[in-house]
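Examining the three-dimensional arrangement
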Amino acid sequence: MTARFLAIYETPADSETFDRHYRQIHVPLLRHLPGLRRYSVSRDVVALRGAPCYLITELEWDTMDELRAAFASPEGRATAADAARLQDLAPVRRMIFTVEKST
């Protein structure tokens, strides 16, 4: 089963500062997470219900053990520390989950 990490950011008070930090600092950090198979950043998100979303990031590993190991690594701790700084700029919800492949 594939393991994923999802971060859903609400609209920041200062989108220019958030975007600059996200693009210049956070993305380079997350790209170095061990075992990361792929990542995507989605914008222009339309919430059908609930609070509006500004940006969604999805990270993918082959297994949940690999995901957990990635965040336990020095690169993972650096990425998590920066994510705490981003949370000061925009509220965020985070979750991890496994994906079952359908046949």
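Residues numbered from 1 in each chain as written. Predicted model: local features only at pLDDT ≥ 70, side-chain atom pairs only at ≥ 80, totals over all residues. Heavy atoms only, no water.

**Focus on the packing of aromatic side chains**
What characterises a pair of aromatic rings is the spacing of the ring centres plus the angle enclosed by the ring planes. As enumerated under the stated definition, the model contains six aromatic pairs in all. Ring geometry for F18 against Y22: centres 5.8 Å apart, planes inclined by 20°, an arrangement best described as stacked. Here Y22 and F18 lie together in helix α1 (residues 15-30), a separation of four residues that amounts to about one turn. Judged by its relative accessible area of 0%, F18 is buried. (Phe/Tyr/Trp six-rings, centres within 6.5 Å; stacked < 30°, edge-to-face > 60°. Helix = DSSP H or I, 4+ residues; strand = E, 2+ residues; numbered from the N terminus. Buried < 20%, exposed > 50% of the residue type's maximum accessible area, 1.4 Å probe, protein only.)

**What about the packing of helix α2 (residues 64-72) against helix α3 (residues 74-89)?**
Relative to each other, α2 and α3 sit at 75°, their axes nearing to 4 Å. By the angle between their axes, α2 is roughly perpendicular relative to α3. Where α2 approaches α3, its residues A70, F71 and A72 are matched on the opposing element by P74, G76 and R77. For the contact of α2 with α3, a count of residues per class yields four nonpolar, one polar and one charged. (Axes fitted to C-alpha atoms, helices over the stretch in contact; angles between N-to-C directions. Parallel < 35°, antiparallel > 145°, perpendicular 65-115°, else oblique. Contact = heavy atoms within 4.5 Å. Nonpolar A, V, L, I, M, F, W, Y, C, P; charged D, E, K, R; others polar.)

**A short note on unusual backbone geometry**
At D44, a position not held by glycine, the phi torsion is positive, near 55°. If you trace the backbone, D44 turns up in the loop between β2 (38-42) and β3 (55-61). With relative accessibility at 78%, the residue D44 sits in the exposed group.

**Digging into the sheet that holds β2**
Reading across from one edge, β2-β3-β1-β4 is the order of the four strands in this open sheet, with antiparallel pairing throughout. Of all the strands in the sheet, just β2 and β4 (92-99) have a single pairing partner and so form its edges. Within the sheet, the average angular offset between the axes of one strand and its neighbour, ignoring direction, is 15°. (Pairing = 2+ DSSP bridges.)

**Points about the nonpolar core**
The nonpolar side chains of a soluble globular protein tend to be buried with one another. Core analysis: the largest hydrophobic core is formed by 20 residues, its most contacted members being Y9, F18, Y22, L33, L59 and W61. Elements represented by at least two residues in this core include exactly β1 (2-9), α1, β3 and α2. For L33, the residues in contact, after removing those within four places along its chain, are L59, W61, A70, F71, E75, G76 and T79. (Core = buried A, V, L, I, M, F, W, Y, C linked by side-chain atoms within 4.5 Å.)

**Structural notes on the pairing of β3**
Counted residue by residue, β3 has six buried out of seven residues, so it is predominantly covered. Sheet analysis places β1 next to β3, joined by seven bridges and oriented antiparallel. Residue Y9 lies in a different strand from β3, and its bridge partner there is L55. Pairing of β2 with β3 involves five bridges; the strand directions are antiparallel. Residue pairing for β3: R38 is matched across the bridge by E60.

**Points about the pattern of salt bridges**
Across all of its chains, the model carries eight salt bridges by this definition. We note a salt bridge from R85 to D82, for which the minimum N-O separation is 3.1 Å. With a gap of three residues between them, R85 and D82 both fall in helix α3, about one helical turn apart. Note on R85: relative accessible area 48%, which makes it partly exposed. (Salt bridge = Lys/Arg side-chain N within 4 Å of Asp/Glu carboxyl O.)

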